[in-house]
Amino acid sequence: MSATLLSGCSLLSSDDGDGRRTVTVWLMKSSASDDFLKRFTEDFEKTHSDLDLDIRIQEWTGIGEKVQTALKSDGGAEQPDVIEVGNTQVPQYAEGGKLEDLTLESMRDWGIRDWLPGLAEPGEYMSQQFGIPWYAANRVIIYRKDLFKEAGITSPPRTREEWITATEKLNQGGAQGIYLAGQDWYTLSGFIWDEGGELATGSGGAWTGALDSEEALRGMEFYQRLQKLGNGPVDADEEHPPQSGVFAKGRVAQIISVPGLATTILRENPDLKDKLGFFPVPGKTADKPGAVFTGGSDLVVPQNTDNRDGAIAVIEALAGSKWNTELARTMNYVPNKKSLAADVAGEEGVEAMAAGAAQGRATPSTPRWGAVEGDNPIKAYMTKVLNGADAQTSAKEASRRVTELLDPNTR
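K.L.:
What should I look at first to understand the sheet that holds strand S13 (residues 276–279) in this one?
P.N.:
Backbone hydrogen bonds hold the strands of a sheet together, and the pairing may be parallel or antiparallel. The strand order across the open sheet built from three strands is S12-S9-S13, with neighbouring strands paired in antiparallel fashion. With one partner strand each, in any of the chains shown, strand S12 (254–257) and S13 form the two edges of the open sheet. If you compare each strand with its neighbour and ignore which way they point, the axes differ by 30 degrees on average. Note that strand S9 (residues 140–144) and S13 share four bridges and pair antiparallel. When the bridges of S13 are listed, Tyr143 appears paired with Gly277. Lying on the sheet, helix H7 (residues 160–170) is in contact with S9, S12 and S13; it crosses S12 at an angle near 130 degrees. Sheet strands touched by helix H11 (residues 261–268): S9, S12 and S13. Its angle to S13, the strand with the most contacts, is close to 165 degrees.

This is how it looks when you write it as structure tokens:
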């Protein structure tokens, strides 16, 4: 029996008393369209004669506390059996044994070796797989084709040095070569990973800030070179002011963002229609794109579910090739497996994103990383260096603070 959309906030199915069991699924607002969910529900209930779906749409605001409450509950009709969570949130929910271990299914049935690393790695906690990759979105370069043509650049750069050279040419005649805010730490993370560095390193459950390693410092050095080829503020991130508005209203040749931001740009400046292009963040060599932070969602199963088999069936369907590819096509996402990238070919922004996703990474897999993002010494470090402070000294200070936040006992 198919679920129906009620009040714009939940998809519910009634119990017809024939012994079918209901699987309650929490998905986040705007992760999937109503039409996609309707088609998925109809197909799932048709192919699973003993299961009904109750898909309930959640708001991101306040979701962390709501999920934690659900994970501690004693069950009941409102208890979710499957929850969509941000990929970097999995460790904080897995801590304390509150999620089902899905390692066996991942290795045996779900093709764990083909998953995008930026989704799969943060879904692992203490060597067990708790989060199952659902969809990904990562940063690419959104660029002005007309400004590239004016500068005599006939094709997007494929290496970092080509990128610097092209951006120098673009940064002339009243145009900004690139608008890069000084505190865009997600972009910095990619440059650090490309150099072989890390934001923090873990051993035996203990984590240490690593921004002062030689590799991480090289990543910061490249960020400096690129950031100065435009007028991005050194003391703010990409949302202050929103870079979409800066790009839409000025002669800005490039920004680093998810492709979906192009929709906002065109809404603010329709004259840019047919003038926007996309390419992956260039890598150190032309054979592969640069590393990028992979955002997106994983699916988890609460340990207190009373319908584990039904939950497994839902994840197998949502994360399986058929519906995962359909979701990517519908929502302009990257599918959860590298082998599915060809199935979303044909749309320039998604193709660029999928190419970069193969080099995707995520923040350190520790439940305490949220404290780092809340305090964010990485942003302060970046501003200091871009204002002329010694990079190594500033990196050591930031690394010390990251260590303190990851281990409150370290003072």
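K.L.:
Sorry if this is basic, but what is going on with H11 here?
P.N.:
Along an α-helix, residues three or four apart share an orientation, since each turn contains 3.6 residues. All of the buried residues along H11 are Leu261, Ala262 and Ile265. For H11, the angular spread of buried residues about the axis comes to 100 degrees, placing them on one side. Those residues of H11 that are exposed and aimed more than 90 degrees away from the buried face are Thr263 and Arg267. Those residues of H11 that are buried lie in contact with S9, helix H10 (243–249), S12 and S13.

K.L.:
Would you mind showing me how to read the packing of H7 against helix H9 (residues 214–227) here?
P.N.:
To describe two helices that pack against each other, one gives the angle between their axes and the distance between the axes. The N-to-C vectors of H7 and H9 enclose an angle of 25 degrees; their axes lie 10 Å apart at closest approach. One finds that H7 runs roughly parallel with respect to H9. Taken as a pair, H7 and H9 cross one another with a handedness that is left-handed. Contacts from Arg160, Glu161, Trp163, Ile164 and Thr167 in H7 reach Phe222, Arg225 and Leu226 in H9.

K.L.:
Please explain the nonpolar core as it appears in this structure.
P.N.:
In a soluble, globular protein the nonpolar side chains are often hidden away together inside. Residues Trp163, Leu211, Leu226, Trp369 and Tyr381 are the most contacted members of the largest nonpolar core, which totals 46 residues. Those residues in contact with Leu211 that sit more than four places away from it in its chain are Ile192, Glu198, Leu199, Ala216, Leu217, Ile378, Tyr381, Ala395, Ala398, Ser399 and Val402. In this structure, Val25, Phe44, Ile315 and Tyr333 belong to the second largest nonpolar core, which totals 35 residues.

K.L.:
Help me understand the packing of H9 against helix H16 (residues 377–386) in this model?
P.N.:
Axis separation between H9 and H16 bottoms out at 11 Å; the angle between their running directions is 60 degrees. The pairing of H9 with H16 is recorded here as oblique in orientation. The handedness of the crossing between H9 and H16 is right-handed. Packed against H9, whose contacting residues are Leu217, Met220, Tyr223, Gln224 and Gln227, the element H16 presents Tyr381, Met382, Val385 and Leu386 at the interface. When its residues are assigned to classes, the contact of H9 with H16 shows seven nonpolar, two polar and no charged.

K.L.:
Honestly, the side chain of Ser244 in this entry has me stumped. Any pointers?
P.N.:
Relative to the helices and strands, Ser244 is located in helix H10. Filtering out sequence-adjacent residues up to four positions away, Ser244 remains in contact with Leu261, Thr264, Ile265 and Glu268.

K.L.:
Is there a simple way to explain the side chain of Thr159 in this structure?
P.N.:
Mapping Thr159 onto the fold places it in the loop between helix H6 (145–150) and H7. You can call Thr159 buried: its relative accessible area is 13%. Beyond its immediate sequence surroundings of up to four residues, Thr159 is in contact with Pro282, Gly283, Lys284, Thr285 and Ala286.

K.L.:
What is the right way to read unusual backbone geometry from this model?
P.N.:
Note: most residues except glycine have negative phi, and most peptide bonds are trans. Of note, the amide linkage connecting His240 to Pro241 takes the cis form, showing an omega dihedral of 0 degrees. By secondary structure assignment, the location of Pro241 is in the loop between H9 and H10. We note that Met126 has phi near 55 degrees; this positive angle belongs to a residue other than glycine. Here Met126 lies in the loop between strand S6 (124–125) and strand S7 (128–129). Given a relative accessible area of 60%, Met126 falls into the exposed group.

K.L.:
I keep staring at helix H2 (residues 63–72) and nothing clicks. Help me out?
P.N.:
Residues of H2 that are buried: Ile63, Val67, Gln68, Ala70 and Leu71. Buried residues in H2, looked at end-on, bunch into an arc of 160 degrees, giving them a common side. Of the exposed residues in H2, the ones pointing more than 90 degrees away from its buried face are Glu65, Thr69 and Lys72. Where H2 is buried, its residues touch strand S3 (21–28), strand S4 (51–58), strand S5 (82–86) and helix H3 (90–94).

K.L.:
Help me understand the environment of Leu104, please; the structure alone is not making it clear to me.
P.N.:
Within the secondary structure, Leu104 sits in helix H4 (residues 103–108). Take Leu104: its relative accessible area is 52%, and that puts it in the exposed class. Residues Leu104 and Asn231 lie 127 residues apart in sequence; the distance between their C-alpha atoms is 50 Å.

K.L.:
I keep staring at the packing of aromatic side chains and nothing clicks. Help me out?
P.N.:
A ring pair, where both rings are aromatic, is described by two values, the distance of the centres and the angle of the planes. Inspection of the entire model under this criterion finds 16 aromatic pairs. Taking the centre distance of 5.5 Å and the plane angle of 90 degrees together, the rings of Phe40 and Trp323 count as edge-to-face. One end of the pair, Phe40, is in helix H1 (residues 34–47); the other, Trp323, is in helix H13 (residues 321–331), with 283 residues separating them in the sequence. Grouped by ring-pair contacts, the aromatic residues Phe36, Phe40, Phe44 and Trp323 constitute a single cluster. Of note, Lys66 hangs over the ring of Trp26, and the distance from its end group to the ring centre comes to 5.2 Å. Sitting above the plane of the Phe222 ring, Arg160 keeps its charged end 4.5 Å from the centroid.

Parameters at a glance
Residues numbered from 1 in each chain as written. Predicted model: local features only at pLDDT ≥ 70, side-chain atom pairs only at ≥ 80, totals over all residues. Heavy atoms only, no water. Pairing = 2+ DSSP bridges. Helix = DSSP H or I, 4+ residues; strand = E, 2+ residues; numbered from the N terminus. Axes fitted to C-alpha atoms, helices over the stretch in contact; angles between N-to-C directions. Contact = heavy atoms within 4.5 Å. Buried < 20%, exposed > 50% of the residue type's maximum accessible area, 1.4 Å probe, protein only. Arc of directions from axis to C-beta. Parallel < 35°, antiparallel > 145°, perpendicular 65-115°, else oblique. Left-handed = near helix turned anticlockwise from the far one by under 90°. Core = buried A, V, L, I, M, F, W, Y, C linked by side-chain atoms within 4.5 Å. Nonpolar A, V, L, I, M, F, W, Y, C, P; charged D, E, K, R; others polar. Phe/Tyr/Trp six-rings, centres within 6.5 Å; stacked < 30°, edge-to-face > 60°. Lys NZ or Arg CZ within 6 Å of the ring centre and 35° of its normal.

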